[in-house]
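Now for the letters of each chain:
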Amino acid sequence: MNAEPMTTFPAQRLHRVGVVVKDLRTAARNYAEIFGIDNWAVSELGSDRLSSTTIRGRVVRHSYRTAVGTTPSGVVTFELVEAGPGESTFTIQRCSRGPGVHHLTLAVVDEERAAAVEEFLASRGVPVAQTGLVDGTLRHLDFDTRALLGGYYLRLAVDLDGTHPDGGPPADERWDLSGEYARPAGVEPMEVSQLHHFGVVVNDVVGSVARYADVFGIKSWNFMNWRTEPGRLDNPFYKGAPVNHEYFCGMGFDFREFGFEIIQPTFGPSHYREDFLREVGEGVHHMQLFYPRDADHWQQVADWLAPLGVPVVMGSTLRGGATTFYYLDTREALGGWTIEATLRHAGADPAKRVYDFVSTFD
Ligand SMILES: [Fe+2]
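This section reports on the structure supplied with the text.

About the criteria used
- Residues numbered from 1 in each chain as written.
- Predicted model: local features only at pLDDT ≥ 70, side-chain atom pairs only at ≥ 80, totals over all residues.
- Pairing = 2+ DSSP bridges.
- Helix = DSSP H or I, 4+ residues; strand = E, 2+ residues; numbered from the N terminus.
- Contact = placed C-beta atoms within 7 Å.
- Axes fitted to C-alpha atoms, helices over the stretch in contact; angles between N-to-C directions.
- Core = buried A, V, L, I, M, F, W, Y, C linked by C-beta atoms within 7 Å.
- Buried ≥ 20, exposed ≤ 12 C-beta atoms within 10 Å, placed from the backbone.
- Domains from an automatic or database assignment.

Turning our eyes to something else, we now look at the sheet that holds strand S18 (residues 283–290). One open sheet holds the 11 strands; their spatial order is S15-S14-S19-S20-S21-S18-S12-S17-S16-S13-S22, and the pairing between them is mixed. On the outer flanks of this sheet lie strand S15 (241–242) and strand S22 (357–360), each paired with one strand and no other. Examined bridge by bridge, strand S13 (residues 220–227) and S22 share 4 bridges and lie antiparallel to one another. Across the sheet, Ser-220 pairs through a bridge with Thr-360, a residue of S22. Contacts from helix H5 (residues 205–216) reach S13, strand S16 (246–252), strand S17 (259–267) and S22 within the one sheet, and its direction differs from that of S17 by about 165 degrees.

And the structure:
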């Protein structure tokens, strides 16, 4: 059987978001408290289950533990990773830039398809960073797309015997963490009704967007220079004070059930630049996945999370009052990434929803 020529990465859907964390149990508990993800499937991937481990083609030995949990809405599955002994991209990330989004798993394929993906990405200069075989039946290929896409890997799950449709191994253990936290009376976990986009901070948004268009086939990108100015960033703040800053974004929201926002911080202080790009480099800065019902709901959430060490660090009303965005700095609690919350205001004028320009890649 001839495989069809591969012209883009065969992204099916967001199977998993892989996040390197310091301590698996502590992180899972925080996801339980914040999102209501109480149940976790835990796998210990040591030498009894994990074989054929390589880094850039060199044979290595390493181990790691994962905890996999899905938001009650079913929208996002997180694969938390705690690096064990030995050389792995998880340990390298933990040591060089700290916890954070390590990989996105967008495809589960068979061996023939995997070979085509490898060939496709090699043609774009992307090497295989890491491989491993779990239980002899599930191969993982971590492609080093950090330079191409901005600081994270694409993980391809190769289901060798048809028993791993979700791209993960069977669990060794299950955790129910529902009894390990207490929310204040009347406070519900954050409902994730939609993962709207990954916010990826990069050095050069124009270059990045062209690569996303090529690899993922996202043909249309809306560009916007967000700057302190009525109708753009109406009243931006950063760490509790008004700020004069700018950033340049390419928005490719029409991808799968989620999209990408590529962000190049340009002028003035921002969470993108001071706290992320300068500290850890390019990478997944945030996920926009929370829509408070109204201003009172938003205030309740902010008041609940602040004493947990999750401050509101940046935000602004946009486009003359159409929406307000907020970043909740969950980097310590959830592992290196930040929650974007968007409050939609009634009566917003759709005519104000304009961009500086649209780039199309046909
Ligand atoms: Fe965003």
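On we go from here.
One open sheet accounts for 11 strands, arranged S4-S3-S8-S9-S10-S7-S1-S6-S5-S2-S11; its pairing is mixed. Taken across any chain shown, the strands that pair with only one partner, and hence form the sheet edges, are strand S4 (58–59) and strand S11 (173–176). Relative to strand S8 (residues 128–134), strand S3 (residues 50–55) is paired through 4 bridges, and the arrangement is antiparallel. When the bridges of S8 are listed, Thr-54 appears paired with Thr-131. Strand contacts of helix H3 (residues 111–123): strand S7 (100–109), S8, strand S9 (138–143) and strand S10 (153–159), with the helix running at about 160 degrees to S10, the strand carrying the most contacts.

Position of Gly-57 relative to the elements: it lies in the loop between S3 and S4. Sequence separation between Gly-57 and Thr-131 is 74 residues, and the spatial gap between their C-alpha atoms is 8.4 Å.

Before going further, it helps to examine the environment of Thr-71. With respect to the helices, strands and loops of the structure, Thr-71 is situated in the loop between strand S5 (62–70) and strand S6 (77–86). Distance in space between the C-alpha atoms of Thr-71 and Asp-362 is 36 Å, their sequence separation being 291 residues. Those residues in contact with Thr-71, other than ones at most four positions away along the chain, are Phe-35, Ile-37, Val-76 and Val-192.

We now examine the nonpolar core. With 90 residues, the main nonpolar core has Val-19, Tyr-31, Ile-262 and Ile-263 as its most contacted residues. With 6 residues, the top contributor of residues to this core is helix H1 (residues 24–35). Split by domain, this core shows at least three residues from each of two domains, domain 1 (16–176) and domain 2 (197–360). Those residues in contact with Ile-263 that lie beyond four places of it in its chain are Gly-199, Val-200, Val-201, Val-202, Val-205, Tyr-247, Cys-249, Tyr-272 and His-285.

Here we take up the pairing of S10. Counting buried residues in S10 gives 7 out of 7 residues, a clear majority hidden from the surface. Bridging between S7 and S10 involves 6 bridges; their strand directions are parallel. Residue Val-108 lies in a different strand from S10, and its bridge partner there is Ala-157. Sheet topology note: the S9/S10 ladder contains 6 bridges and is antiparallel. Bridging from a neighbouring strand, Arg-139 pairs with Val-158 of S10.

It is worth spelling out unusual backbone geometry at this point. The phi angle at Asp-135 is positive, at roughly 55 degrees, despite the residue not being glycine. Relative to the helices and strands, Asp-135 is located in the loop between S8 and S9. Residue class for Asp-135 comes out partly exposed when judged on the 17 C-beta atoms lying within 10 Å of it. For Arg-319, which is not a glycine, the phi torsion comes out positive at approximately 50 degrees.

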